[in-house]
Amino acid sequence: MATVAFIGLGNMGRPMAANLVKAGHDVAGFDLVPEAVAAHVAAGGRAVASAEEALREADFVISMLPAGRHVRELYAGLIAALAGKTPLLIDSSTIDVQTAREVSATAQAAGLEMLDAPVSGGVGGAAAGTLTFMVGGAAAAFARGQPILQQMGRNIVHAGAAGAGQAAKICNNMILGISMIGVCEAFVLADRLGLDRQKLFEVSATSSGQCWSVTSYCPVPGPVPASPANRDYAAGFATGLMLKDLSLAQEAAAATGASTPLGAHAARLYAAMAEAGLSASDFSVAFRWLSSGARERLVPEAEAT
Ligand code: NAD
């Protein structure tokens, strides 16, 4: 049994921490929102009054926070408070690569090992303990963290040095964000052409258009019963989170000079969806949004002629 300080008990952190409790660990949980801590206690966890208090005797510190600035602030305080103790630090939030590298370097300078370990799999994967962890950090730190990550996830991938976990996450989600738009556009066009949706599904699921956005997450109701399209696009993976990840990818592209024109365009489309009030809906709601006849607003004039 290990002692774990778990910071950030929101939609993802709460079920992840609950799986560690189920696996028999002593999980000291902290969140700024008292209701989140109360839910952690109801799941068998231990409440603490501050992140610093959670650190006491911790073998692992795991954080699951909204964005880079929260991670930066948290670890600036924690690293200063650790004074001689050497728990493994694991940040599973999705943040920018630069912040992940900088926080890891600060930890290393203080004699601490740190992993960036963002996840894929959403709230469902967090609850089921089937998340994919994309992990950046030294090999020895990865070996130390792998057993605890396995109790929250199914696939634990060592992506490379510090920041590589975040890099893998934003590259993967850029593929997903773009491919989902492509699949939605194909179904919109099929509708206009009078092509049966099920027929397009049968063809594209078994031919060269095949991808996860078709086979596992089809954005039209019917072909894939478990997809959010069958429950009025309740997330799932929210449009706002897809926009966040694509924005991180665009920041990284700008910083490195990578050419990602479709990633940039996809980010603009999800931003327009968010502005249209769809931020909390699943990102596959792009199908319904595109179907609503938004072409004039979306296609630059030169292309529309
Ligand atoms: P959330 O907003 O539900 O939870 C974040 C929690 O962090 C909140 O409860 C908030 O009160 C807490 N918090 C913020 N600052 C804090 C601090 N200084 N100390 C303690 N607690 C603090 O977000 P979420 O959906 O759980 O997502 C968490 C991270 O996981 C994000 O980076 C997100 O991009 C990523 N992610 C989310 C999903 C998803 O489907 N929700 C999927 C993959 C990755």
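Rules used throughout
- Residues numbered from 1 in each chain as written.
- Predicted model: local features only at pLDDT ≥ 70, side-chain atom pairs only at ≥ 80, totals over all residues.
- Heavy atoms only, no water.
- Near = heavy atom within 4 Å.
- Polar contact = N/O pair within 3.5 Å; in protein donor to acceptor, adjacent residues only side chain to side chain.
- Areas by Shrake-Rupley, 256 points an atom, 1.4 Å probe, with all protein chains shown as cover.
- Helix = DSSP H or I, 4+ residues; strand = E, 2+ residues; numbered from the N terminus.
- Nonpolar A, V, L, I, M, F, W, Y, C, P; charged D, E, K, R; others polar.
- Domains from an automatic or database assignment.
- Contact = heavy atoms within 4.5 Å.
- Buried area = accessible area lost by both parts, 1.4 Å probe.
- Salt bridge = Lys/Arg side-chain N within 4 Å of Asp/Glu carboxyl O.

1. Looking at the site of the ligand
As a structural note, the neighbourhood of the ligand is formed by 22 residues, with Asn 11, Met 12, Asp 31, Leu 65 and Lys 244 the closest of them. Between the ligand and Asn 11, the relevant distance is 2.9 Å, taken from an oxygen atom to a main-chain nitrogen or oxygen of the residue. Considering the ligand on its own, with 830 Å² of exposed area, one finds that the protein chains cover 84% of that surface. Those elements that provide at least two residues to the shell around the ligand are helix 6 (122-128) and helix 11 (239-256). Its residues assigned to classes, the shell around the ligand shows twelve nonpolar, seven polar and three charged. A domain split of the shell around the ligand shows at least three residues from each of domain 1 (3-160) and domain 2 (167-304).

2. Considering the domain arrangement of the protein chain
Taken domain by domain, the protein chain consists of domain 1 (3-160) and domain 2 (167-304). Taken over C-alpha atoms, the centre of domain 1 sits 30 Å from the centre of domain 2. At the interface, eleven residues of domain 1 touch eight residues of domain 2. For the pair domain 1 and domain 2, the two sides together bury roughly 740 Å², of which 66% comes from carbon and sulfur. On the domain 1 side of the interface with domain 2, the three residues burying the most area are Thr 94, Val 97 and Met 134, jointly 52% of the side's total. Counting the contacts that link domain 1 with domain 2 gives zero salt bridges. If you look at where domain 1 meets domain 2, you find three residue pairs in polar contact (both at pLDDT 80 or more). Here the residues of the side of domain 1 that touches domain 2 are counted per class, giving eight nonpolar, two polar and one charged.

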